[in-house]
Number of protein chains: 2
Amino acid sequence: MVNQQTPLDTVFHALADPTRRAVIGRLLHGAAPVKALAGPFTMGLPAFLKHLAVLEGAGLIRSEKRGRVRTCHIDADRLAGAESWLADQRAIWQGRADRLADLVESQPPGKE
Amino acid sequence: MVNQQTPLDTVFHALADPTRRAVIGRLLHGAAPVKALAGPFTMGLPAFLKHLAVLEGAGLIRSEKRGRVRTCHIDADRLAGAESWLADQRAIWQGRADRLADLVESQPPGKE
């Protein structure tokens, strides 16, 4: 049961880390080799590769190797899925807030 | 360093679990006592309380105790923050896709 993770589980988990969010932010501007991606971070390459593996496992990035160079690409569909879930929650919340406002306005004046 | 978690870290971590997302989905419809929230889940109460603690730690819910009843409320601001981050990423991605489309259209016909 514990290992039956849904795409939302793995995507939100992948997004819960500043290094992984920074990698996504970088790849949204275009594909990049692993070495260039790792450049700005002070952590060792093995630790950085683990972050990439989490992103790839969540379907947020994919990578391909040509010769000695592994290049990463963003795969934005899963980001859209997470945003869509959050938008659905907001719609529920907004609908409730609107109904509460209607209820308040429909109260006869002077009644509490 | 590891413990310096930002709101986005803790919110996305909290959302990475189906039980916690279900609790949020329930609380968006209105406040509820812990017992009623726990009802639909087969896990034990201690395990469920840990999920609530993660949600509360992320600022997604808050709770108050009156007598013996602890009632939970949603706090939708942090959800909005996560949605906003994802919307920003989509804007970057969309901007890049639009620029690529413009580039393709601006190519002289017949040139590859």
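Attention in this report is confined to the structure presented alongside it. Here the structure is a predicted model, which means the values were calculated and not measured.

Residue and element names in this part refer to chain A. Strand order in the open sheet formed by three strands is β1-β3-β2, and the pairing between neighbours is antiparallel. Since the sheet does not close on itself, it has two edges, and those belong to β1 (32-33) and β2 (61-66), each with one partner. Judged from the two bridges that link them, β1 and strand β3 (residues 69-74) form a sheet pairing that is antiparallel. Bridging from a neighbouring strand, Pro33 pairs with Thr71 of β3.

If you look at the interface, chain A gives 30 residues, while chain B gives 30 residues. Linking chain A to chain B there are four salt bridges. A:Glu83 is the salt-bridge partner of B:Arg90, the closest N and O atoms lying 2.6 Å from each other. Counting every contact that joins chain A to chain B gives six residue pairs in polar contact (both at pLDDT 80 or more). Of all the secondary-structure elements, those providing two or more residues to the side of chain A that touches chain B are α1 (7-15), α2 (18-27) and α5 (77-106) of chain A. For the side of chain A that touches chain B, the leading source of residues is α5(A), giving 11 residues.

The next thing to look at is the packing of aromatic side chains. Considering all chains together, one arrives at five aromatic pairs over all chains under this definition. Between A:Phe12 and B:Phe12, the aromatic rings sit 5.9 Å apart at their centres with planes inclined by 20 degrees, giving stacked as the arrangement. Of the two residues, A:Phe12 is situated in helix α1 and B:Phe12 in helix α1 (residues 7-15); the pairing between them involves two chains. Look at B:Phe12 and you get buried, because its relative accessible area is 0%. An aromatic cluster of at least three residues, connected via ring pairs, comprises A:Phe12, A:Trp85, B:Phe12 and B:Trp85.

Scoring rules and cut-offs
Residues numbered from 1 in each chain as written. Chains lettered and ligands numbered in written order. Predicted model: local features only at pLDDT ≥ 70, side-chain atom pairs only at ≥ 80, totals over all residues. Heavy atoms only, no water. Pairing = 2+ DSSP bridges. Helix = DSSP H or I, 4+ residues; strand = E, 2+ residues; numbered from the N terminus. Contact = heavy atoms within 4.5 Å. Salt bridge = Lys/Arg side-chain N within 4 Å of Asp/Glu carboxyl O. Polar contact = N/O pair within 3.5 Å; in protein donor to acceptor, adjacent residues only side chain to side chain. Phe/Tyr/Trp six-rings, centres within 6.5 Å; stacked < 30°, edge-to-face > 60°. Buried < 20%, exposed > 50% of the residue type's maximum accessible area, 1.4 Å probe, protein only.

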